[in-house]
Amino acid sequence: MKFKYKGRKIYKTKEKNYYGKSPMGKFLSGALTVLLIGGIGFLGYSVAEPIINYTKHKGDEPVTTEPPTLEALTEPAENIIVIPTAAPTQAPTEAQETVYYKAAALKADDLASADALRAALSRVSANQEIEFIEVPLKVKGGGVNYASTVYEAQTSIQSTLTLAEIIQLIQNSGYKPAALISVFRDNTMPANFFDAGYVMAANGTLWVDSNGQAWASPYAQRALDYNTNLILEISWAGFEQIICSDFVFPDFTETDLLNLDPVLSQNDRCMSLTSAANLLYDTAVSNGAAMQIEVSAEDIIMGRTDVLQPILLSANNFILNIDIDVLNKGITKGEDVYSFSGSAAEKVDKCIGMVNEKLVDFNVAARISGGNLTEEEISEVRKVLTEYGYKAFVIG
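As the structure is a computational prediction, the values presented were derived from the model and not from experiment.

1. Digging into the overall build of the protein
Along the backbone of the protein there are 13 helices and ten strands. Per-residue burial for the protein yields a buried fraction of 43% across its 396 residues. Summing over all exposed atoms, the protein offers an accessible surface of approximately 22,800 Å²; the carbon and sulfur share of this is 54%.

Set out below in structure tokens:
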């Protein structure tokens, strides 16, 4: 809540003159009074205003500022000082606008070729009010599903389609293009570029998880630059919406935390993720695209909620990814096992009930992925979403 300062109150009193004067005395007194008042008025006008301006509190008077122009936001880099660890005091206007995002999400295989993409677009339901087609341009693991020109992406490219070709095919089908980017669940890039991952504090070797996989680190400048350059490339190409997922840390063990940088054990480590999110948000918005953050219901249940810091984030639009396949298997957290039974709609209902409280400060769309749902099941799930107040959605 913001408090509005009402300013200072100035109280004026009228003093009565209880002493009598002669006519000449009254005349001289009046003349002197006029001169005195005039002099004080001039002096007061000259001095009082800068003093008041200097001493008045912020909020005494409303201050209006014009929003920055696109030219100002895209001025040469040497004129811009970027401090990635600092959160903005006020989010850009776009972050406060509710986005009713209605999309169908494609799979990585759908970007294998132009024919595969056309076939996928032809399967999009005409009964679900779809406006955007969401394509996974960078997926979990690090695979890049388009012909990127970014240097670090060259070892991860899995498709020869260009961004221009993807956009054209989507627009030809009557939809708008949206991009999905997995940010830090990237195992490929840090394996090829050592300085993009987590390293052991004692000897500087690359840290890997229990499956032998490295992870991109929000503390690594190369990882930040890589994702920023992808967002630049994608937004410049003409994608209207960019959804960034996987602002998460690996599930470090206690032994891992003892051997890694001590900052990873601190409560304020969330700031590395929110700063990265703000950096990507500013990059997208300054190039004409909107950005949303996707979080999975599984991550929230597992406690991977470092990025959910409304005070620190520029972006206010989130997508909650509810994976039916994950719910079918159940979610295990320590000794707790969360099972989901019944219809797809009943599973979604239970899942949202478990995580909804974590998202109350954001504008949220729900993504229903996995499960290969029928049209009837999707309609039932959407009824559940409506009951929770979700007007925006992603299917697939």
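Next comes the rest of the description.
2. Examining helix 13 (residues 375–387)
In a regular helix each residue adds 1.5 Å, so 13 residues correspond to 18 Å; helix 13 covers 19 Å between its end C-alpha atoms and thus fits that length. For helix 13, the set of buried residues is Ile378, Val381, Arg382, Val384 and Leu385. The buried residues of helix 13 all sit within an arc of 155° when viewed along its axis, so they share a single face. In helix 13, those exposed residues whose orientation departs by more than 90 degrees from the buried face are Glu376, Thr386 and Glu387. On its buried side, helix 13 packs onto helix 12 (344–355), strand 9 (363–369) and strand 10 (393–395).

3. Brief notes about the nonpolar core
As a rule of thumb, nonpolar side chains are buried together in soluble globular proteins. One finds Ile133, Leu137, Ile166, Phe247 and Leu320 to be the most contacted residues of the largest nonpolar core, which totals 96 residues. Broken down by element, the residue count for this core peaks at eight residues, all from helix 9 (residues 270–286). Among all residues touching leucine 320, those that are not within four sequence positions of it are Val295, Ser296, Ala297, Ile300, Val355, Leu359, Val364, Ala365, Ala366, Arg367 and Tyr390. With eleven residues, the next largest nonpolar core counts Phe132, Leu180, Ile319 and Ala365 among its residues.

4. Regarding empty space enclosed by the protein
To find the voids left in a structure, one rolls a probe of water-molecule size over its atoms. Scanning the model with the defined rule gives one cavity of 30 Å³ or more in all. Put simply, the largest cavity is a space of about 100 Å³. Every residue lining the largest cavity is counted, 14 residues in all, and those nearest its centre are Asp246, Glu294, Val295, Ser296 and Asp299. A per-element tally of the lining of the largest cavity places strand 5 (residues 290–296) first, with four residues. Looking at side-chain class alone, the lining of the largest cavity contains five nonpolar, three polar and six charged residues.

5. Some thoughts on the sheet that holds strand 1 (residues 102–105)
Read around the barrel, eight strands follow the order 1-2-3-4-5-6-9-10 and close on themselves; strand pairing throughout is parallel. Taking each pair of neighbouring strands and ignoring which way they run, the sheet shows an average axis angle of 30°. This element, helix 7 (residues 221–237), spans strand 2 (132–138), strand 3 (176–182) and strand 4 (241–245) of the sheet and lies at about 175° to strand 3.

6. Topic: the confidence of the model for the protein
Residue-level pLDDT values for the protein average 81, and 75% of them are 70 or greater. In this model residues 1–96 is a low-confidence stretch, pLDDT under 50, and it forms 44 contacts with partners more than four residues away in sequence or in other chains.

7. A short note on the packing of helix 12 against helix 13
For any two helices packed against each other, the geometry comes down to the angle between their axes and how far apart the axes lie. Orientation of helix 12 relative to helix 13, taken along the N-to-C sense of each, is 25°, at an axis distance of 8 Å. Judged on the interaxial angle alone, helix 13 and helix 12 are roughly parallel. Crossing geometry of helix 12 relative to helix 13 is assigned as right-handed. On helix 13, the residues touching Ala344, Ala345, Val348, Asp349 and Ile352 of helix 12 are Glu380, Val381, Val384 and Leu385. When grouped by side-chain class, the residues that make up the contact of helix 12 with helix 13 number seven nonpolar, no polar and two charged.

Scoring rules and cut-offs
- Here, residues in each chain are numbered from 1, in the same order as that chain's written sequence.
- With the structure being a predicted model, the display of local features is reserved for residues of pLDDT at least 70 and the display and counting of side-chain atom pairs for 80 or more, all residues being used for whole-chain, interface and lining totals.
- Computation of side-chain values: all heavy atoms of the structure, hydrogens and water removed.
- Only DSSP runs of H or I covering at least 4 residues are called helices, and only runs of E covering at least 2 are called strands; the numbering of each starts at the N terminus.
- With a 1.4 Å probe rolled over the protein chains alone, any residue whose accessible area is under 20% of its type maximum counts as buried; one over 50% counts as exposed, and the rest are partly exposed.
- In this description, accessible areas are obtained by the Shrake-Rupley approach with a 1.4 Å probe, and a residue is regarded as covered only by the protein chains that are shown.
- By this rule, a helix spans an expected 1.5 Å times one less than how many residues it contains.
- What the arc covers is the set of directions going from the helix axis to the C-beta atoms.
- Any two residues having at least one pair of non-hydrogen atoms within 4.5 Å are treated as being in contact.
- Here, nonpolar core means buried Ala, Val, Leu, Ile, Met, Phe, Trp, Tyr and Cys residues that are tied together by side-chain atoms lying within 4.5 Å of each other.
- Both site types are read off a 1 Å grid over the protein atoms alone. A 1.4 Å probe that fits but cannot get out defines a cavity, while an open set with protein on both sides within 12 Å along at least five of seven lines defines a pocket; lining residues have an atom within 4 Å of a point.
- Grid points are joined across faces, edges and corners, and a volume is the space filled by probe spheres set on the points.
- Lys, Arg, Asp and Glu make up the charged group, whereas Ala, Val, Leu, Ile, Met, Phe, Trp, Tyr, Cys and Pro make up the nonpolar group; the residues left over, Gly among them, are polar.
- In this analysis, strands are considered paired if DSSP registers two or more bridges between them.
- Simply put, an axis is a line fit to the C-alpha atoms, just over the touching stretch for a helix, and the angle between two N-to-C directions goes from 0 to 180 degrees.
- Values of pLDDT, which run from 0 to 100, indicate the predictor's confidence residue by residue.
- Roughly parallel means an angle under 35 degrees; roughly antiparallel, over 145; roughly perpendicular, 65 to 115; everything else is oblique.
- If you view the pair so one helix is near and one far, a crossing is left-handed when the near helix is turned anticlockwise from the far one by less than a right angle, and right-handed when it is turned clockwise.

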